[in-house]
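Given next are the chains, with one letter for each unit.
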Amino acid sequence: MAYAPPTTFADGTTLTAANLEGNSRALRVYLHDGIVAGDFEAAQWIDTRHVQPPGYDPFRGLQHGVTGHQGGQWAGGTNIRLQFATKYLSGNGRQDSEQCHPFPQTAVSFDLRAPARCLYHYWFEVENGRDFSTASYQVTPADTRRVFVIPYTGTFSTGNAMAQRHRAQEVRNNADGLTTSHPYGISAPMVVGGGYGAKQGTFALDVASPIVQSFGLAIHSLSDRCGLVNWGIAVEAFYL
């Protein structure tokens, strides 16, 4: 027999949690026992032309299906692909510079076929410094020489990146000095000296019509030596 809720509600009837849960429980029992033929729509209401075949792009790690996109890439562990950030690509560490450059391999584009809600997830680990160079035009003191990672949408440009500056996450310059005897190097690990940062975030965007949508990470660095050690990106798009 067709499903019939134990409790029906008329205008002005008080809703109780017990009655709502009773209806839900009865529906679960009905679905578990098996839907009867009488509850199916008799006329065909969907056919193969309504179903968009799924596709998989192994190069970008994206899967496209009926309801949207999902996928991602990462670099870490045995698959580490070390990248670098430097002030020499973003204004030489000048206080008034807003110049940015792309975070390599973190940009992704996907072909949206309908209005959708997009989520771009990202995480990264940065080792910043030590940069105590003395050129007078740079930001001083040296411990303010930070590296900023900024998510952006659309084709990469400094303008698109700086429009999202409120989303920027920073890692400061390593505060510990260099040793003067063997073994040479910084006097404390990055995690102690403040030059290490593990960050993550999510960028949400709604699109109103079909479009090839792009997301990526941009860098604005006030420091010379910035190692982008590990990173990962993931995208989801749900058709509305």
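Worth saying up front: this structure is predicted, and the values here are computed from it rather than measured. (Residues numbered from 1 in each chain as written. Predicted model: local features only at pLDDT ≥ 70, side-chain atom pairs only at ≥ 80, totals over all residues. Heavy atoms only, no water.)

With that settled, the discussion passes to the overall build of the protein. A count of helices and strands for the protein gives three helices and 12 strands. For a compact globule of 240 residues, the expected C-alpha radius of gyration is about 18 Å, and the protein comes in at 26 Å, more than 25% above that figure. When burial is assessed residue by residue, the protein has 35% of its 240 residues classed as buried. The long-range share in the protein, meaning contacts at least 24 apart out of those at least 6 apart in sequence, stands at 74%. Within the structure as shown, the protein displays about 14,000 Å² of accessible surface, and the carbon and sulfur contribution to it stands at 57%. Separation between the mean location of the 17 positive side-chain charges and that of the 19 negative ones in the protein comes to 9 Å. (Helix = DSSP H or I, 4+ residues; strand = E, 2+ residues; numbered from the N terminus. Rg over C-alpha atoms; globule rule 2.2 N^0.38 Å. Buried < 20%, exposed > 50% of the residue type's maximum accessible area, 1.4 Å probe, protein only. Contact = heavy atoms within 4.5 Å. Areas by Shrake-Rupley, 256 points an atom, 1.4 Å probe, with all protein chains shown as cover. Lys, Arg positive; Asp, Glu negative; His and termini not counted. Charge placed at Lys NZ, Arg CZ, Asp CG, Glu CD.)

Below, the discussion takes up the packing of aromatic side chains. Evaluated as defined, the whole model comprises six aromatic pairs. When the ring of Tyr120 is compared with that of Tyr122, the centres are 5.7 Å apart and the planes differ by 35°; the resulting orientation is tilted. Neither Tyr120 nor Tyr122 differs from the other in exposure class; each is buried. Between Tyr120 and Phe215, the aromatic rings sit 5.3 Å apart at their centres with planes inclined by 10°, giving stacked as the arrangement. Note that Tyr120 is positioned in strand β7 (residues 116–128) and Phe215 in strand β11 (residues 211–221), a separation of 95 residues in sequence. Judged by relative accessible area, which is 0%, Tyr120 ranks as buried. Residue class for Phe215 comes out buried when judged on its relative accessible area of 1%. Each residue in the set Phe110, Tyr120, Tyr122, Phe203 and Phe215 is aromatic and connected to the rest through ring pairs, giving one cluster. Here Arg130 stacks its cationic end above the ring of Phe132, 3.6 Å away from the centre of that ring. When the ring centre of Phe203 is taken as origin, the NZ or CZ atom of Arg167, which lies over that ring, is 3.9 Å away. (Phe/Tyr/Trp six-rings, centres within 6.5 Å; stacked < 30°, edge-to-face > 60°. Lys NZ or Arg CZ within 6 Å of the ring centre and 35° of its normal.)

By the element assignment, Phe238 lies in strand β12 (residues 226–239). On the accessibility criterion, Phe238 (39% relative accessible area) is partly exposed. Taking C-alpha positions, Phe238 is 8.7 Å from Leu119, a pair spaced 119 residues apart along the chain. Residue contacts for Phe238: discarding those within four places in its chain leaves Thr67, Pro115, Ala116, Arg117 and Leu119.

Considering all chains together, one arrives at eight salt bridges under this definition. Residue Glu98 pairs with Arg165 through a salt bridge whose shortest N-O separation is 3.4 Å. Here Arg165 lies in the loop between α2 (158–162) and β9 (169–171) and Glu98 lies in the loop between β4 (83–85) and β5 (101–102), a separation of 67 residues in the sequence. Using a relative accessible area of 44% as the deciding quantity, one classes Arg165 as partly exposed. For Arg146, the salt bridge identified is with Glu170, shortest N-O distance 2.3 Å. Here Arg146 is found in the loop between β7 and β8 (147–153), whereas its partner Glu170 is found in strand β9, with 24 residues between them in sequence. Through salt bridges with shared partners, one network takes in Glu21, Arg25 and Arg28. (Salt bridge = Lys/Arg side-chain N within 4 Å of Asp/Glu carboxyl O.)

Quick look at the side chain of Gln83 now. When you line up the elements, Gln83 lands in strand β4. Classification of Gln83 by relative accessible area gives buried; the value is 14%. Reaching out from Gln83, the side chain makes a polar contact with the side chain of Gln105 at a distance of 3.3 Å. Not counting chain neighbours up to four residues away, the residues in contact with Gln83 comprise Pro104, Gln105, Cys226, Gly227, Leu228 and Trp231. (Polar contact = N/O pair within 3.5 Å; in protein donor to acceptor, adjacent residues only side chain to side chain.)

Okay, helix α1 (residues 17–33) next. Its 17 residues place the ends of α1 24 Å apart at the C-alpha level, agreeing with the 24 Å of an ideal helix rising 1.5 Å per residue. Within α1 the residues assigned to the buried category are Gly22, Asn23 and Tyr30. Looking down the long axis of α1, one finds its buried residues gathered within 95° of arc, a one-sided arrangement. Pointing more than 90 degrees away from the buried face of α1 are the exposed residues Ala17, Ala18 and His32. Immediately beyond the C-terminal end of α1, within one or two residues, lies Gly34, with a positive phi of roughly 120°. (Expected span 1.5 Å × (residues − 1). Arc of directions from axis to C-beta.)

It should be kept in mind that the predicted coordinates are not to be read in detail where pLDDT is low. Residues with a pLDDT of 70 or more make up 95% of the protein, whose mean pLDDT is 86. Of all secondary-structure elements in the protein, the lowest mean pLDDT belongs to strand β1 (residues 55–57), at 81, while β8 reaches the highest, 95. (pLDDT = per-residue confidence, 0-100.)

Turning to the layout of surface pockets, a few remarks are in order. Counted as a void, the largest pocket has a volume near 200 Å³. In terms of lining, the largest pocket is formed by 13 residues, of which the most central are Ser97, Phe148, Met162, His220 and Leu222. Grouping the constituent residues of the lining of the largest pocket by class yields six nonpolar, four polar and three charged. (1 Å grid on protein atoms, 1.4 Å probe; cavity = no way out; pocket = protein on both sides within 12 Å on 5 of 7 lines; lining within 4 Å. Points joined across faces, edges and corners; volume = space filled by probe spheres on them. Nonpolar A, V, L, I, M, F, W, Y, C, P; charged D, E, K, R; others polar.)

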